[in-house]
Amino acid sequence: MSRVFVTTPIYYVNARPHVGHAYTTVNGDALTRWHRMCGDDVFFLTGTDHHGLKIQRAAEAAGQSPQEWGDEVAETFKTAFAALNVANDDFIKTSEPRHYASVQWLLRKVYDNGFIYKGTYSGIYCVSCEAYYDDSELLAGELCPIHKRPIEHVTEDNYFFKLSAFEDRLLEWLTASPDAIIPTTKRNEVLGFIRQGLRDFSISRTSISWGVPLPWDPEHVCYVWFDALTNYATAVGLGTDMERFEAWWPHVLHLIGKDIIRFHCVYWPAMLMAAGIAPPKVAVHGYLLIGGEKLSKTGLTQIYPADLAEEFGVDGIRYLLIREVPLGNDAEFSHEGLVARYNADLANNFGNLLTRVATVVAKKCGGITGAPRLDSPLRAVAEQALAGNQLAWNEIRPAEAVDATWRLIRETNAFLETNEPWKAEPGPAVEAVMADAVEACRIVVLLTNPIMPTICQRAWEGLGLAGRLDDQRLPAAAAWGSAPSGRTVVKGDPLFPRKAVAAKAS
Ligand SMILES: [Zn+2]
């Protein structure tokens, strides 16, 4: 048994949960569900980021304390993720006392190790970005390049983290651990960034009251990085339960979008090194590019997971997020694309196979499935599907795991087309063909369970199998012929009713 500790970014409590949040979280959920089925010891963390000037100001405007404001928004994230059947083991809020304890522990350690110093900062700051800019980065008229709004000039005493001291150590780490940052294109980006030279960055503010006070100078509140990034370590007990921390930390994997690559792949590893802690493994994904006619005028942040789940079903949208936008590079996300993929992959392939198999077993085999043949042509395909899943999940490529399983679905449909059991007289020949097809379906359902747990449980029961699918252990459960024969196969309601394709506006 091995350990797996998967994190999503903490989501900033200034917005409703949107499809971008759902994307990373559902991928993390499927990944951790796969590992649970493999019998691994799993910890899946998500949560929310509560501090910063933006939240302080938004709460003031709403007449609430930042604590109340953040707690309310955090609930909307918990609800949204629960509605997507996300089985996180913990939900961290950076406003919690346990987090303050961990952040202060880390700050103290890094300060004592000599990597934090006091300096004066004067610079240009965008409140919305919570980031400092160089003159050269601004748009004409001193506007923030992201928000296109006026920036603020500030001068204040700050504490700084000595990031510049870590160039060589970061390069050594990435050389010694070539898969610490995946995919390779993103690792190369990080290497390029480090080789350009690293600047120390400010880690405190006196102008903000909402946040974690520095333990040696409580007039200063911790600013962004030591606060936000430390959440991952808080959740497994940094500074509060070091035995637990040491058990989980070596197995950490951060799932992040490429917009926060610099902070997770340069700042955070250096901060950890400064405290004598090993840097994490990071899997970086691209952007969801919203396209197509129906969604193209909608921003990513205006597309809500609940609306998509209502249209495609919870399992449907989980599948579509994982398969339509493979982790890694940017990928287009359009309503037209979702409908087309839903119909092709779920209605026509997956759903149709299960319905068709149950129908023929009912008509030709008295509803009972026999033992699959050990020399069935589908057996090798099923074994390849299992191997393909193992490889893809280990390399954190959920969309490729889907592809491996869908090859088995297509081959099973083709096997039925070739054998045409619906035309045959009842008897041993058709029973053998159908037992093979039922066995292939059983393995498909096992392999797809991390992505579509509710539908797969229904399908599992429809195949006459007992117990919770989540309790099945891979790879043993996916061995060809490992289930009892003589089961009653039941044809249920269609798992994925076909969607009408909207007529094109001319
Ligand atoms: Zn900005």
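Residues numbered from 1 in each chain as written. Predicted model: local features only at pLDDT ≥ 70, side-chain atom pairs only at ≥ 80, totals over all residues.

1. Observations regarding the sheet that holds strand 10 (residues 213–214)
The following threshold applies: Pairing between strands is defined by DSSP: at least two bridges between the two strands are required. Only DSSP runs of H or I reaching four residues or more are called helices, and only runs of E reaching two or more are called strands; each is numbered from the N terminus.
With antiparallel pairing, three strands are arranged side by side in an open sheet as 9-11-10. Unpaired on one side and paired on the other, strand 9 (204–205) and strand 10 mark the two borders of the sheet. With two bridges connecting them, strand 9 and strand 11 (residues 217–222) associate as antiparallel partners. When the bridges of strand 11 are listed, arginine 205 appears paired with valine 221.

2. Remarks on the environment of leucine 447
Defined as follows: Any residue whose C-beta has 12 or fewer other C-beta atoms within 10 Å is treated as exposed, any with 20 or more as buried, and any in between as partly exposed, C-beta atoms being built from the backbone. In this description, a residue-residue contact is defined by the distance between C-beta atoms placed from the backbone, which must lie within 7 Å.
Counting through the fold element by element, leucine 447 comes out in helix 17 (residues 428–448). Judged by the 29 C-beta atoms lying within 10 Å of it, leucine 447 is buried. Every residue in contact with leucine 447, bar those within four places of it in the chain, is listed here: Ala385, Leu386, Asn389, Thr405 and Ala478.

3. Quick notes on the nonpolar core
Quick note on the threshold: By convention in this section, buried Ala, Val, Leu, Ile, Met, Phe, Trp, Tyr and Cys residues joined through C-beta atoms within 7 Å make up a nonpolar core.
Met271, Val357, Met434 and Cys441 are the most contacted members of the largest nonpolar core, which has 145 residues in total. No other element matches helix 17, which puts 13 residues into this core. Those residues in contact with cysteine 441, other than ones at most four positions away along the chain, are Leu353, Leu354, Val357 and Leu463.

4. Re helix 15 (residues 377–394)
Put simply, the rule is: Each helix should span, by expectation, one fewer than its residue count multiplied by 1.5 Å. To be clear, the arc concerns the directions from the helix axis to the C-beta atoms.
The end-to-end C-alpha distance of helix 15 is 27 Å, a good match for the 26 Å that 18 residues give at a rise of 1.5 Å each. Every buried residue belonging to helix 15 is among Leu378, Val381, Ala382, Ala385, Leu386, Gly388, Asn389 and Trp393, and all of these are buried. Along the long axis of helix 15, the arc covered by the buried residues comes to 165°, so they all point the same way. With respect to the buried face of helix 15, the exposed residues turned more than 90 degrees away are Ala380, Ala387 and Asn394. Packed against the buried residues of helix 15 are helix 1 (19–37), helix 16 (398–419) and helix 17.

5. A word on the domain arrangement of the protein chain
This is how the line gets drawn: Reported domain spans reflect what an automatic or database domain assignment gives. Charged means Asp, Glu, Lys or Arg here, nonpolar means Ala, Val, Leu, Ile, Met, Phe, Trp, Tyr, Cys or Pro, and polar covers whatever is left, Gly included.
In terms of domain boundaries, the protein chain breaks down into domain 1 (3–285) and domain 2 (345–488). Spacing between the C-alpha centres of domain 1 and domain 2 amounts to 42 Å. Between domain 1 and domain 2, the contact holds 11 residues from the first and 11 residues from the second. Broken down by element, the side of domain 1 that touches domain 2 gets its largest block of residues, six residues, from helix 1. Tallied by class, residues from the side of domain 1 that touches domain 2 come to seven nonpolar, three polar and one charged.

6. Comments concerning unusual backbone geometry
Here isoleucine 182 and proline 183 are connected by a cis peptide whose omega angle stands at -5°. Topologically, proline 183 is positioned in the loop between strand 7 (181–182) and helix 6 (184–195). A cis amide bond links leucine 474 with the next residue in sequence, proline 475, at an omega value of 5°. Relative to the helices and strands, proline 475 is located in the loop between helix 18 (453–462) and strand 17 (487–488). Of note in the backbone geometry, asparagine 85 takes a positive phi value of approximately 65° without being a glycine.

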